[in-house]
Amino acid sequence: MTDENEQAAQEAIASEMRLLDPAVRASAEVVRALLDPDFTEIGASGRLWDATSILSVTGSGSVAPDSPVVVSEMRAAALAPGLVHLTYFADNRGRRARRSSLWRLTDTGWRLYFHQGTLTG
């Protein structure tokens, strides 16, 4: 991976980890700044989300501050300039899922464009 790609990967990982932080998720303003306006997610339940629906959930007080997500197996691949694909395993109080995120660089920084979670046994 080139230095530029490595830096992009590290910035995308840092942004993903911020979104997984319960304190960040409880702030609609911070979450909004990290989500691309065209954000979509296929949730682990199969539900389709967009930025508005995610903000309504995270802003409703449903994020437990004592519920950090444990992340392992984080991998990053720079797909093109300004586009990074992340994959990782997440465990949130026993709810375990494989996760995939696409981060793209915009004029305002790295923003999450697409996310998908798949529950595991």
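Please read all numbers here as calculations on a predicted model, not as lab measurements.

**Considering the sheet that holds strand β2 (residues 48-50)**
- Taken together, six strands build an open sheet; the order of strands is β2-β1-β6-β5-β4-β3 and the sheet is mixed. Both outer strands of the open sheet, β2 and β3 (70-80), are each paired with one neighbouring strand and no more. For this sheet, the mean inter-axis angle between neighbouring strands, taken without regard to orientation, is 15 degrees.
- As paired elements, strand β1 (residues 35-42) and β2 share three bridges and run antiparallel to each other. Bridge pairing in β2 places Ile 42 opposite Leu 48.

**A look at the nonpolar core**
- Core analysis: the largest hydrophobic core is formed by 18 residues, its most contacted members being Leu 19, Leu 35 and Trp 103.
- At the level of elements, α1 (3-20), α3 (28-34), β1, α4 (51-58), β4 (83-92) and β6 (109-119) are the ones that each hand at least two residues to this core.
- When residues of this core are assigned to their parent elements, the largest contribution, four residues, is made by α1.

Calculation criteria
- Residues numbered from 1 in each chain as written.
- Predicted model: local features only at pLDDT ≥ 70, side-chain atom pairs only at ≥ 80, totals over all residues.
- Heavy atoms only, no water.
- Pairing = 2+ DSSP bridges.
- Helix = DSSP H or I, 4+ residues; strand = E, 2+ residues; numbered from the N terminus.
- Axes fitted to C-alpha atoms, helices over the stretch in contact; angles between N-to-C directions.
- Core = buried A, V, L, I, M, F, W, Y, C linked by side-chain atoms within 4.5 Å.
- Buried < 20%, exposed > 50% of the residue type's maximum accessible area, 1.4 Å probe, protein only.

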